[in-house]
Each structure stands twice: as structure tokens, then as C-alpha cells.
Amino acid sequence: MSPGVPRAGAGQGAAAAVQLLVTLSFLPSVVEAQVTGVLDDCLCDIDSIDNFNTFKIFPKIKKLQERDYFRYYKSKIPVGIKAGNSNKYSKVANNTKELEDCEQASKLGAINSTLSNQSKEAFIDWARYDDSQDHFCELDDERSPAAQYVDLLLNPERYTGYKGSSAWRVWNSIYEENCFKPRSVYRPLNPLAPSRGGCLIHFHVFGYCLCLEKRVFYKLISGLHASINLHLCANYLLEETWGKPSWGPNMKEFKRRFDPVETKGEGPRRLKNLYFLYLIELRALSKVAPYFERSIVDLYTGNVQEDADTKTLLLNIFQDTKSFPMHFDEKSMFAGDKKGAKSLKTQGLGTALKILFSEKEIQKLPENSPSKGFQLTRQEIVALLNAFGRLSTSIRELQNFKVLLQHSR
């Protein structure tokens, strides 16, 4: 072999290495550059949403979530995820590593059901008060014997250890149930895939033609998925020493889930769907404000002064939502499907859609008497505001990741 060949190869290798380093150095800016501008399907730009959320919504919604009325959420807790219960997947683990992962998921994913005796007594009082109100509709979960209150402050949205095929099965079932997904397609759909023609006002998903409304429902579920993943990345188990976990942002995990290169362009789209979901719920809050502005509506916990302060803070948030200058017309996106949802975030989304579909009923609400046309239960109210609060936190965390990415260059 001639002496020049290895030198040429080495030169090419060095050039390739330099090119790789240059490419990697631009990855953070690529993430930031692709999650900007105007969102699809509405004339709202991301920078304006970021600023509005940071300076008006986020500080107030965090305070609201700490109030007793919004701190406790009543729902059925699935068997196997209470603290101390074993993870059912550990029974089918094939090796030591899988078993360790399952045991970690069982521990990290367990719900902290700790409640003080004072809180339990308060819940009885709340139920007595709610029963005395003229609620024409009760949700199934609220009356279920298996339903119990959970302290949301003790159960933050963060990394749980669930991963791999079991995690995919959960999300696949969610997409299949809510997103009009063709049965022949296994993984979650991408409604933004290039069109193959044939639909003028519709959109294609792996060759299937979806109308705007169905595409919107997909984007809502995708936005919810992105929000949860952002919380997971921002509150990741970094290490555990002497049984004490250390939580914090995980840059590697964030890039794995959202980087345009590692996700083949899907990451930025998922994040844009998060903003889209945020706008949907923001719009719902601005629409439902008249319901809460009536004197007959209170946020009862038994503490008169705190209840009054909580309502004042809530009405202040509603005023901010009304001031947002780029609300879109939801009538062009929904035909009126009032499909229900049960978990905190999905019930929050379901309540938001219920509000958007009930504009006429809300406008006709009587000032001093209950309305049979439109009413919200305690659980719907708690889910609505906490779901929006978590979206607000997700967007705030995304901004933090952008800063971390810039500093990592």
C-alpha cells in the first residue's frame, strides 16, 4: 500500500470528524429553530405563547394548584400502582436487567396515597356540600366505591421507570381509542406525513385520508403525550444514593424524545402539538369564565376566607386568558364530538372540549340559580385547571431546556 493512502484516509476521517462536531454543535439551535413561528391550523406564534405563559399564566396557575380546592383529585386508582404493590410486569421479566427495571418502575410509578386525618374529614364535608348542590350530572368515577382522593402535590408528573414495549402498549391504546386510527397501523400515527393526493380539505395518515377534525384530535393527544414526556425529562431520576432519589433535567432523554435528528423530524412536531393543546385549553378557560363569575358558584373547602381568595385568584387567571390576543375560532375545527375522558389530564381535556361545545349554554346561564343547560362538577373543575397547569409547566420546562441546550454548545 502506498504511503499516501493511509494519510488520505486519515485526512478524510479527520474531516468527517470535524463535520460531525460541527453538526452536533448546531443540534441545539435546530431544536429551537424548528419549534418557533406560526402553528399549523391557527394564526398563533410560539414566541407570543411563551411570553404570555411565562409572565401571566405560569406564576398564577402554580399558586392555584397549591390551594386545597385544586390540590386534591378524586379518581379510581388502578390496581397495582399503589405504593407497596408489585408491578405485574415483573412476573414476566426475562432476565435480571428486566426484573430490575420492573422493580424500579413499581417503586417510582407508585401513587403516594398519603392523606392526613384532617384531609379525610374534610373530604366527607366536601361530599356533603356537593350533594346539597343541584348537580344534574355526576361522573361515574366520582361515585365509584374504588374512587379515592389523591394529593396532587405529593404525586408530581415525573419519570416513573416504565419503558419499552409496556409503555408503548399504553400509548398505542390511547391513540387507538381517541384518534380514529386505522386498525392496520400499529404505532401512533403521524397525521403530518406527506400527502399522496386525493383529499383537498383532508389530511393523510400513512395513506389514510383524515379530515381536519380528526387530525385535530390526533394533535391534542400528541400534545398531551409531549407534555407528559417533557415532565418526564425535566424531573428525571438522575441518581439514587442511600435510598434518596435525586431528580432533575435529563438532556440526553430530552434529545432522544424531541431532537429532530434522533426522532427523524417528529420531535419538533410533537412540541408544536403541545402548544396547540395549550391553546385549546386556554380558549376553553376564556369561554368558561362567565360560569365562575356568577355569585352562586363557589369553590368550597369549608374555609370561607381561603375559598374567597381561591375564587379571586381563579377569576384573575380567567381575565388573563381573555386578554390573550390570538385566540382561534374552534368552530372550524370541531363538529361537536363530546367524547369523555377519565384521567386527570384527559378529563381536563374532555372538560375543555365540553366547554367549547357549550358556548350557547354558557351564555344563557342564570346569575343566581343553577343551570340545567351547563354545569361542572368539582372533579371536572379540578381536572380542567390542573391539566392546564401542567401544560403551562411543560411549556416553561421546554424554555428551560432551550437554555440548557444553548449552554451545552
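Note that the coordinates shown come from a computational prediction; the quantities given were computed from them, not determined experimentally.

1. Topic: the overall build of the protein chain
At step 1: Looking only at helices and strands, the protein chain has 14 helices and six strands in total.
At step 2: Looking at the protein chain as a whole, 45% of its 409 residues are labelled buried.
At step 3: Contacts spanning at least 24 positions in sequence make up 76% of the contacts within the protein chain whose residues lie at least 6 apart.
At step 4: Just so you have it, the protein chain exposes about 21,000 Å², and 55% of that area is on carbon and sulfur atoms.

2. What to know about the packing of aromatic side chains
At step 1: What the rule picks out here adds up to 14 aromatic pairs.
At step 2: Centre to centre, the rings of Phe123 and Tyr149 are 4.0 Å apart; their planes meet at 20 degrees, and the pair counts as stacked. Note that Phe123 is positioned in helix H5 (residues 117–132) and Tyr149 in strand E2 (residues 147–151), a separation of 26 residues in sequence.
At step 3: Members of the aromatic cluster, connected to one another through ring pairs, are Tyr72, Phe123, Trp126 and Tyr149.
At step 4: Sitting over the face of the ring of Phe276, Lys219 holds its NZ or CZ atom 4.4 Å from the ring centroid.

3. Details of the confidence of the model for the protein chain
At step 1: In the predicted model, the protein chain carries a mean pLDDT of 76, and 64% of its residues have values of at least 70.
At step 2: Residue range residues 79–93 is modelled with pLDDT below 50. Its contacts to residues more than four positions away, or to other chains, number 28 contacts.
At step 3: Low confidence marks residues 338–342, where pLDDT is under 50. Its contacts with residues over four positions away, or in another chain, come to nine contacts.

4. What about helix H12 (residues 344–356)?
At step 1: With 13 residues, H12 should cover 18 Å at 1.5 Å per step; its first-to-last C-alpha distance of 18 Å lies within 8% of that length.
At step 2: Extensive coverage of H12 is indicated by the burial of 12 of its 13 residues.
At step 3: Among the residues of H12, Leu344, Lys345, Thr346, Gln347, Gly348, Leu349, Gly350, Thr351, Ala352, Leu353, Ile355 and Leu356 are the ones counted as buried.

5. Details of the pattern of salt bridges
Side chains that carry opposite charge are capable of pairing whenever their charged atoms lie near each other.
At step 1: Scanning all chains against the criterion turns up 12 salt bridges.
At step 2: Note that Lys402 is salt-bridged to Asp50, the shortest N-O span being 4.0 Å. One end of the pair, Lys402, is in helix H14 (residues 378–407); the other, Asp50, is in helix H2 (residues 46–65), and 352 residues separate them in sequence.
At step 3: Taking the relative accessible area as the measure of exposure, Asp50 reaches 5% and is therefore buried.
At step 4: Among the salt bridges present, the one from Glu380 reaches Lys354, with a minimum N-O distance of 3.1 Å. In this pair, Glu380 is assigned in helix H14 and Lys354 in helix H12, connecting sequence segments 26 residues apart.
At step 5: On the accessibility criterion, Glu380 (7% relative accessible area) is buried.
At step 6: Ionic contacts of the salt-bridge type, sharing partners, join the residues Glu253, Arg256 and Arg257 into one network.

6. Here we look at unusual backbone geometry
At step 1: Positive phi, normally seen in glycine, also occurs at Lys264, with a value near 55 degrees.
At step 2: Residue position: Lys264 is located in the loop between helix H9 (251–258) and helix H10 (266–293).

7. Here's the deal with the nonpolar core
At step 1: With 76 residues, the main nonpolar core has Ile49, Tyr278, Leu279, Val288 and Phe292 as its most contacted residues.
At step 2: Among the elements that make up this core, the one with the highest residue count is H10 (15 residues).
At step 3: The residues contacting Ile49, other than those within four sequence positions of it, are Leu39, Cys44, Tyr275, Tyr278, Leu279, Phe324 and Ile395.
At step 4: In this structure, Tyr72, Phe123, Trp126 and Tyr300 belong to the second largest nonpolar core, which totals six residues.

8. A look at the environment of Arg158
At step 1: Counting through the fold element by element, Arg158 comes out in the loop between E2 and helix H7 (165–178).
At step 2: The sequence separation of Arg158 and Leu230 amounts to 72 residues, and the corresponding C-alpha distance is 8.6 Å.
At step 3: Beyond its immediate sequence surroundings of up to four residues, Arg158 is in contact with His231, Leu232, Asn235 and Trp247.

Criteria and cut-off values
- Residues numbered from 1 in each chain as written.
- Predicted model: local features only at pLDDT ≥ 70, side-chain atom pairs only at ≥ 80, totals over all residues.
- Heavy atoms only, no water.
- Helix = DSSP H or I, 4+ residues; strand = E, 2+ residues; numbered from the N terminus.
- Buried < 20%, exposed > 50% of the residue type's maximum accessible area, 1.4 Å probe, protein only.
- Contact = heavy atoms within 4.5 Å.
- Areas by Shrake-Rupley, 256 points an atom, 1.4 Å probe, with all protein chains shown as cover.
- Phe/Tyr/Trp six-rings, centres within 6.5 Å; stacked < 30°, edge-to-face > 60°.
- Lys NZ or Arg CZ within 6 Å of the ring centre and 35° of its normal.
- pLDDT = per-residue confidence, 0-100.
- Expected span 1.5 Å × (residues − 1).
- Salt bridge = Lys/Arg side-chain N within 4 Å of Asp/Glu carboxyl O.
- Core = buried A, V, L, I, M, F, W, Y, C linked by side-chain atoms within 4.5 Å.

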